Every structure is written in C-alpha cells, then in structure tokens.
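Listed below, chain by chain, are the residues.
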Amino acid sequence: MYIAQEESFGPVMVISKFKNGDVDGVLRRANTTEYGLASGVFTKDISKALYISEKLEAGTVFINTYNKTDVAAPFGGFKQSGFGKDLGKLFSPSLISHLTVQINEKNT
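Rules used in this analysis
- Residues numbered from 1 in each chain as written.
- Predicted model: local features only at pLDDT ≥ 70, side-chain atom pairs only at ≥ 80, totals over all residues.
- Heavy atoms only, no water.
- Helix = DSSP H or I, 4+ residues; strand = E, 2+ residues; numbered from the N terminus.
- Patch = residues over 30% accessible without salt bridge, like charges linked within 9 Å, V, L, I, M, F, W, Y side chains within 5 Å.
- Areas by Shrake-Rupley, 256 points an atom, 1.4 Å probe, with all protein chains shown as cover.
- Salt bridge = Lys/Arg side-chain N within 4 Å of Asp/Glu carboxyl O.
- Buried < 20%, exposed > 50% of the residue type's maximum accessible area, 1.4 Å probe, protein only.
- Pairing = 2+ DSSP bridges.
- Right-handed = clockwise from strand over helix to strand, strands pointing away.
- Arc of directions from axis to C-beta.
- Contact = heavy atoms within 4.5 Å.
- Polar contact = N/O pair within 3.5 Å; in protein donor to acceptor, adjacent residues only side chain to side chain.
- Phe/Tyr/Trp six-rings, centres within 6.5 Å; stacked < 30°, edge-to-face > 60°.
- Core = buried A, V, L, I, M, F, W, Y, C linked by side-chain atoms within 4.5 Å.

- Where an unreviewed UniProt entry is consulted, the chain appears under the name AL1L2 dehydrogenase, with the organism given as Chunga burmeisteri.

Here is the structure:
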C-alpha cells in the first residue's frame, strides 16, 4: 500500500488488518518503509504494546494515544526521518537510535 510507505504529514493515519497473533508479520510490514518518524500501537495488552514498541523502527511510539508528546522528550526519527534527536537532555548525534514511548495509561 503506497500510503503506508510514504512519510505523509497532516491528518493521515493508516490502519491495516493483520491475522490474529501475527505480531512479527505486522512488525515486518511496519519496518519495511524507509521512514520512521512516529508510530502508534492500540491494544489492551500493555506487554504486547511494549514488545512492539521495542521492535518498531520509529523515533516515537505512541501507545493507546497519538501525537500527545511531552515537550521535554527527545524528538526525531529513524532512517530517512531524521538525523538523531532534538530537544531533551539526550540530544547527541551518537544517540540516533534513542526511542521515545508515550503511553496513555487511561486506555491500558
């Protein structure tokens, strides 16, 4: 799906189906793109959400929410979506793989 492989800015969200329990297949599809600014995981299983957030190649992973950020959190993407992180104490070109995870506790 073309839209799922491009870095679109604006009010765009791609929602795709997957076979029950095929988490690794979902991760392969999500990580196939050359971009990795942000991603979102919606689930009642917080352990699964944390597992997925560790495996996603994205600078920010939102769990049960989207685009709600802490201004002090490092921001930036992976791959073609950024050159490391800006903001926060962890800004350093050597930390380009640092991951920010935002969790909406009300929905877990």
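More follows now that the structure is in view.
## Looking at the overall build of the chain
Point 1. The number of helices and strands found in the chain is 2 helices and 5 strands.
Point 2. Going from N to C terminus, the chain has its helices and strands arranged as α-β-β-α-β-β-β.

## A word on a nonpolar patch on the surface
Point 1. On the surface, a cluster of nonpolar side chains totalling about 480 Å² of accessible area is made up of Met13, Ile15, Phe42 and Tyr66.
Point 2. Of note, methionine 13 is situated in the segment before α1 (23-31).
Point 3. Residue class for methionine 13 comes out exposed when judged on its relative accessible area of 52%.

## Considerations on the pairing of strand β3 (residues 60-63)
Point 1. The side-chain alternation of β3 yields two buried faces, one formed by Thr60 and Phe62 and the other by Val61 and Ile63.
Point 2. Bridge count for strand β2 (residues 38-41) against β3 is 4 bridges, and the pairing is parallel. Residue pairing across strands places serine 39 opposite valine 61, the latter belonging to β3.
Point 3. Each parallel crossover has a hand, and for β2 linked through helix α2 (residues 46-55) to β3 it is right-handed.
Point 4. The sheet contact formed by β3 and strand β5 (residues 100-103) spans 4 bridges and is parallel. Note that in β5 the partner of valine 61 across the bridge is valine 101.

## Brief notes about α2
Point 1. When we look at burial in α2, the residues that qualify are Ala49, Ile52 and Ser53. Looking straight down α2, one finds that the buried residues subtend no more than 100° of arc, so they occupy a single side. Exposed and facing more than 90 degrees away from the buried side of α2 are Ser47 and Glu54.
Point 2. Tucked into the core, α2 has its buried residues touching α1, β2, β3 and β5.
Point 3. For α2, the capping residue at the N-terminal end is aspartate 45, with a side-chain oxygen 3.1 Å from the backbone nitrogen of serine 47.

## Regarding α1
Point 1. Those residues of α1 lying buried are Val23, Gly25, Leu27 and Asn31.
Point 2. In this structure, the buried residues of α1 make contact with α2 and β4 (78-79).

## Topic: the packing of aromatic side chains
Point 1. Using the criterion set out here, one finds 1 aromatic pair in the structure.
Point 2. With centroids separated by 4.8 Å and ring planes inclined at 50°, the aromatic side chains of phenylalanine 62 and tyrosine 66 adopt a geometry described as tilted.
Point 3. The buried category is assigned to phenylalanine 62, whose relative accessible area is 3%.

## Focus: the nonpolar core
Nonpolar side chains tend to gather and get buried jointly when the protein is soluble and globular.
Point 1. Counting residues in hydrophobic clusters, the biggest one holds 8 residues: Val23, Leu27, Val41, Ala49, Ile52, Leu56, Val61 and Ile63.
Point 2. Listed by contribution, the elements that provide at least two residues to this core are α1, α2 and β3.
Point 3. Excluding residues that lie within four positions of it along the chain, valine 41 makes contacts with Ala49, Ile52, Leu56, Val61, Phe62, Ile63 and Asn64.

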